[in-house]
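Spelled out, the chains give:
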Amino acid sequence: MIDLSVQVSYKKQTALGIIGIVIILLVVEGVANVWWITQISCEFEQNEIFQNFEEVEKRQLCLDFYNLKTTGDEIIPNQSTDSITINSMGFRGTEFSEIKPLNAYRIFMVGGSTMFGAGATSDQTTIPGYMQEIFNGKDFDFDIQVINSGIQGADTNTELNLIEQKLLGFSPDLLIMYDGWNDLRANNIPMEVKENWETICKLGKENNFDVIITLQPIAGFGNKVLTKQESEYAQNGIDYNNKPLIKLLPVYQEYGENLSQIDTCAGTFDLRDVFDIETQPIYWDQGHVSDKGNSIVATSLYNIISPFVSDSNNIGTLDDKKNITKMSSLVYDDREIAVEVELLSSNSIEGKQLKISTYDNKNNDVVQNVTYFLSISKDNENLVREYFFAEGGILLIDVHPNDKSSIKIIGEKQYDNNAYVMQGSKYSPDVSGNDLTSTTQIEIIGPLFNTEGIYAFDIELRTIDSRDNWVFSLSDFHSQIVIGNDVISDHSIVKNQSPLETENFLRNIFSYYKTPILLNEIFKW
């Protein structure tokens, strides 16, 4: 009996000991969690952008971001906080099926925390979130899925691995790369970054999807007028070796130069100056931006990628019909240069969208940095005679027909040729040579396509490949679009047109001296 009571006593002691240990561990964990929360600090909590937020709101945004769980270079699926949702595939945002539906076009937006949306107040106010909202507002006959593939801290090495190991399995139609800051902070040399970009472009060609690469803005690396706080970020920002990042400005410039040399992608675009016209605060540290900044970037990217989406084989046009006229090609520098004109239905009531594209048929590429001299006439009456510039080579003009007596054109103008600039294109507004990025959609308002008949197009190319590459032999493109009577389109080529010979001769002479205003006034008859 005595021995049994001793055994029971030992069992009670052991049980009590275990319970005590568990209680101690729970207390330690609770204290540790409280300590961890107090140690978490986000720069945006003290930023002017968030000055109208409640302290508890800012704190929750900070905790939401820092409490995300990752494994290696991937985000662990099925996480949810007040402002962030990670779906079952490990991407920020709503659910989507692993197998792409037949009537879907998939856009994967790839980058670091700036693409993921660090500091964004919701999934919808990230760059991909705003992009999805823009597409949702368009009247496409198919589903466009914009997928946030941003990962905190990702550089081009991380992104290349992500694409190879994960994204290829989701049947992408378009990849948008938003790079620069993390590569620079990691001191990745320009050639390494360029090789990663080229490898990703090659993957796109091999797997039948387009790749667009963009270089992102950084505070102090563009021409934005910085606020006092933004200036501090620019001066105090550091790389991963705790050295001033601003000293790597020449390296970032080389990133940009290398980007412009890549010709294996669907497109490359420099967004370093996308905030240059903004005077209000955008940055909450040297690279992360506010919801407004995300919206600006998304809008610029949409204007860049919309032609690629429209040209997709998966797409139905905005209408059952569209007028397309392909002009015959001309030879330039041993290349076959061709121009295509399309008249699409717009989302606005009775609106139209004019799309003009220039192609290098020899290399199967869209020609970049095209300055168009566009003349549109009907019944021998000149309606439009203006210069237009498109950095990506594809010119989109919204047309709003009405019965007024004159044409009005809306858009920003560059100094060279006094040309209207395609939204999203980089240009110099004056003789200083300082670049801006156009944020204004080109619009034509007036008696264009408002009545039935034949509209004749005469197009000359004044620059191709680069803004400084002036050409004077690509001036014989002619086409026509028929409106009404259920006729889709017609086209013809007219060479050596006598009514334009004198004008062409004078333009060829005066273009060397860049006197566009005088020429436009002379030839507005």
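Heads up: the structure comes first, above all this text.
Owing to the predicted nature of the structure, the values given are computational and were not obtained by experimental measurement. Residue numbers here run from 1 along each chain, matching the order of that chain's written sequence. Per-residue local features of the predicted model are confined to residues with pLDDT of at least 70, and side-chain atom pairs are confined, for both listing and counting, to 80 or more; whole-chain, interface and lining totals are unaffected and use all residues. Side-chain figures throughout are based on the complete set of non-hydrogen atoms in the structure, without hydrogens or water.

Points about the overall build of the protein chain
Okay, so step 1: What the protein chain contains, in helices and strands, is 12 helices and 24 strands.
Okay, so step 2: A separation of at least 24 residues holds for 66% of the contacts in the protein chain among residues at least 6 apart in sequence.
Okay, so step 3: Note on areas: Shrake-Rupley with a 1.4 Å probe; residue coverage comes only from the protein chains shown. Surface exposure of the protein chain reaches about 24500 Å², of which carbon and sulfur atoms provide 51%. Comment: elements are numbered from the N terminus, with helices defined as DSSP H or I runs of at least four residues and strands as E runs of at least two. Residue contacts are counted whenever heavy atoms from the two residues lie within 4.5 Å of one another.

Description of the packing of aromatic side chains
Okay, so step 1: Note on aromatic pairs: the rings of Phe, Tyr and Trp (six-membered ring only in Trp) are paired at centre separations within 6.5 Å, and the planes decide the class, stacked below 30 degrees, edge-to-face beyond 60, tilted for the rest. The full count for this structure, using the stated rule, is 18 aromatic pairs.
Okay, so step 2: Here the aromatic residues Phe-44, Phe-50, Phe-53 and Trp-284 are joined through ring pairs into a cluster of three or more.
Okay, so step 3: Between the NZ or CZ atom of Arg-92 and the centre of the ring of Phe-116, over which it lies, the distance is 4.9 Å.
Okay, so step 4: Here, a charge over a ring means that NZ of Lys or CZ of Arg falls within 6 Å of the ring centre while also lying within 35 degrees of the ring normal. Taking the ring centre of Phe-91 as reference, the NZ or CZ of Lys-166 above it sits at 4.4 Å.

Examining the state of the cysteines
Okay, so step 1: Disulfide assignment relies on a single distance test, namely cysteine sulfur atoms paired within 2.5 Å. Tallying each qualifying case throughout the model produces two disulfides.
Okay, so step 2: Sulfur-sulfur distance for the disulfide between Cys-42 and Cys-62 comes to 2.0 Å. An S-S torsion of about 85° defines the bridge between Cys-42 and Cys-62 as right-handed. With Cys-42 in the loop between helix H1 (2-39) and helix H2 (55-66) and Cys-62 in helix H2, the pair connects residues that are 20 residues apart, well separated along the chain. Neither residue differs from the other here; Cys-42 and Cys-62 are each classed as buried. Accessibility here uses a 1.4 Å probe with only protein chains present; expressed as a share of the type maximum, an area under 20% marks a residue as buried, one over 50% as exposed, and anything in between as partly exposed.

Remarks on helix H9 (residues 249-261)
Okay, so step 1: Compared with an ideal rise of 1.5 Å per residue, which puts 13 residues at 18 Å, H9 spans 19 Å between its outermost C-alpha atoms and is within 8% of the ideal.
Okay, so step 2: Those residues of H9 that sit buried are Tyr-252, Tyr-255, Gly-256, Asn-258 and Leu-259. Looking straight down H9, one finds that the buried residues subtend no more than 165° of arc, so they occupy a single side. Opposite the buried face of H9, at more than 90 degrees from it, the exposed residues are Pro-250 and Ser-260.
Okay, so step 3: Buried-residue contacts for H9 involve strand S7 (174-179), helix H6 (181-185), helix H7 (190-206), strand S8 (210-215) and strand S9 (267-270). Take the residue count of a helix, subtract one, and multiply by 1.5 Å to get its expected span. Relevant arc is that of directions from the helix axis to the C-beta atoms, nothing else.

Some points on the pattern of salt bridges
Okay, so step 1: What makes a salt bridge here is a side-chain nitrogen of Lys or Arg within 4 Å of a carboxyl oxygen of Asp or Glu, nothing more. A full pass over the atoms with the stated rule returns 16 salt bridges.
Okay, so step 2: The shortest N-O distance in the salt bridge between Asp-173 and Lys-100 comes to 3.0 Å. Highlighted residues: Asp-173 in the loop between helix H5 (156-165) and S7 and Lys-100 in the loop between strand S4 (85-86) and strand S5 (104-111), separated in sequence by 73 residues.
Okay, so step 3: Owing to a relative accessible area of 12%, Asp-173 belongs among the buried residues under this scheme.
Okay, so step 4: Between Lys-355 and Glu-342 there is a salt bridge, with its nearest N and O atoms 3.8 Å apart. On the criterion of sequence distance, the pair formed by Lys-355 in strand S13 (residues 352-360) and Glu-342 in strand S12 (residues 335-345) is long-range, its members being 13 residues apart. Here Lys-355 matches Glu-342 in class, with each residue buried.
Okay, so step 5: Through salt bridges with shared partners, a single ionic network connects Asp-270, Arg-272 and Lys-426.

A word on the environment of Glu-443
Okay, so step 1: By the secondary structure assignment, Glu-443 is in strand S22 (residues 443-446).
Okay, so step 2: On the basis of relative accessibility, which here comes to 23%, the residue Glu-443 falls in the partly exposed class.
Okay, so step 3: In the structure, Glu-443 is positioned 32 residues away from Gly-411 in sequence and 6.7 Å away in space, judged by C-alpha atoms.

Focus on the sheet that holds S7
Okay, so step 1: Here a strand pair is declared whenever DSSP counts at least two bridges between the two strands. Spatially, S6-S5-S7-S8-S9 is the arrangement adopted by the five strands of the open sheet, whose pairing is parallel. Among the strands making up the open sheet, the edge pair consists of strand S6 (143-148) and S9. When strand polarity is set aside, the average angle formed by the axes of neighbouring strands in this sheet is 15°. Lines fitted to the C-alpha atoms define the axes, with helices restricted to the stretch that makes contact. Angles between their N-to-C directions range from 0 to 180 degrees.

Let's talk about the pairing of strand S16 (residues 381-390)
Okay, so step 1: Across the 10 residues that make up S16, a large majority, eight, are buried.
Okay, so step 2: Sheet analysis places strand S15 (residues 370-378) next to S16, joined by nine bridges and oriented antiparallel. Each bridged residue has a counterpart across the sheet, and for Thr-371 the counterpart in S16 is Phe-389.
Okay, so step 3: Connecting S15 to the next strand, S16, in antiparallel fashion are two residues, including Asp-379 with a positive phi near 55°.
Okay, so step 4: Relative to strand S19 (residues 420-421), S16 is paired through two bridges, and the arrangement is parallel. Among the inter-strand pairings, Phe-388 is bridged to a residue of S19, identified as Tyr-420.

Quick look at the nonpolar core
Okay, so step 1: Residues enter a nonpolar core if they are buried and are Ala, Val, Leu, Ile, Met, Phe, Trp, Tyr or Cys, with the set joined through side-chain atoms within 4.5 Å. In this structure, Leu-354 and Leu-461 are the most contacted members of the largest nonpolar core, which totals 38 residues.
Okay, so step 2: Counting only elements with at least two residues in this core, the list comes to strand S11 (330-332), S12, S13, S15, S16, strand S17 (394-401), strand S23 (453-463) and strand S24 (477-483).
Okay, so step 3: Leaving out residues up to four positions away in the same chain, Leu-461 has contacts with Ile-337, Val-339, Thr-358, Val-370, Thr-371, Tyr-372, Val-471, Leu-474 and Phe-477.
Okay, so step 4: In this structure, Leu-167, Trp-181, Trp-197 and Leu-245 belong to the second largest nonpolar core, which totals 35 residues.

So, empty space enclosed by the protein
Okay, so step 1: The method works on a 1 Å grid over the protein atoms by themselves. A cavity is a set of points holding a 1.4 Å probe that cannot get out, a pocket is an open set with protein on both sides within 12 Å along at least five of seven lines, and residues with an atom within 4 Å of a point line them. Grid points are joined across faces, edges and corners, and a volume is the space filled by probe spheres set on the points. Inspection of the entire model under this criterion finds six cavities of 30 Å³ or more.
Okay, so step 2: Considered as a void within the structure, the largest cavity measures approximately 120 Å³ in volume.
Okay, so step 3: Lining of the largest cavity is provided by 14 residues; of these, Phe-269, Asn-303, Ile-304, Gly-392 and Ile-394 occupy positions nearest its centre.
Okay, so step 4: Looking at the lining of the largest cavity element by element, the count peaks at four residues for helix H10 (residues 291-310).
Okay, so step 5: Three classes are used, and their members are as follows: Ala, Val, Leu, Ile, Met, Phe, Trp, Tyr, Cys and Pro are nonpolar, Asp, Glu, Lys and Arg are charged, and the others, Gly among them, are polar. Here the residues of the lining of the largest cavity are counted per class, giving seven nonpolar, six polar and one charged.

Focus: the side chain of Gln-423
Okay, so step 1: Its place among the elements puts Gln-423 in the loop between S19 and strand S20 (426-427).
Okay, so step 2: In terms of polar contacts, Gln-423 uses its side chain to reach the side chain of Asn-303, at 2.8 Å.
Okay, so step 3: Residue contacts for Gln-423: discarding those within four places in its chain leaves Asn-303, Ser-438, Thr-439, Thr-440 and Gln-441. In protein, a polar contact requires one atom able to donate a hydrogen and another able to accept it; more generally it is a pair of N or O atoms within 3.5 Å, and residues adjacent in sequence count only if both atoms are side-chain atoms.

Bear in mind that shape data such as this cannot, by itself, settle questions of function.
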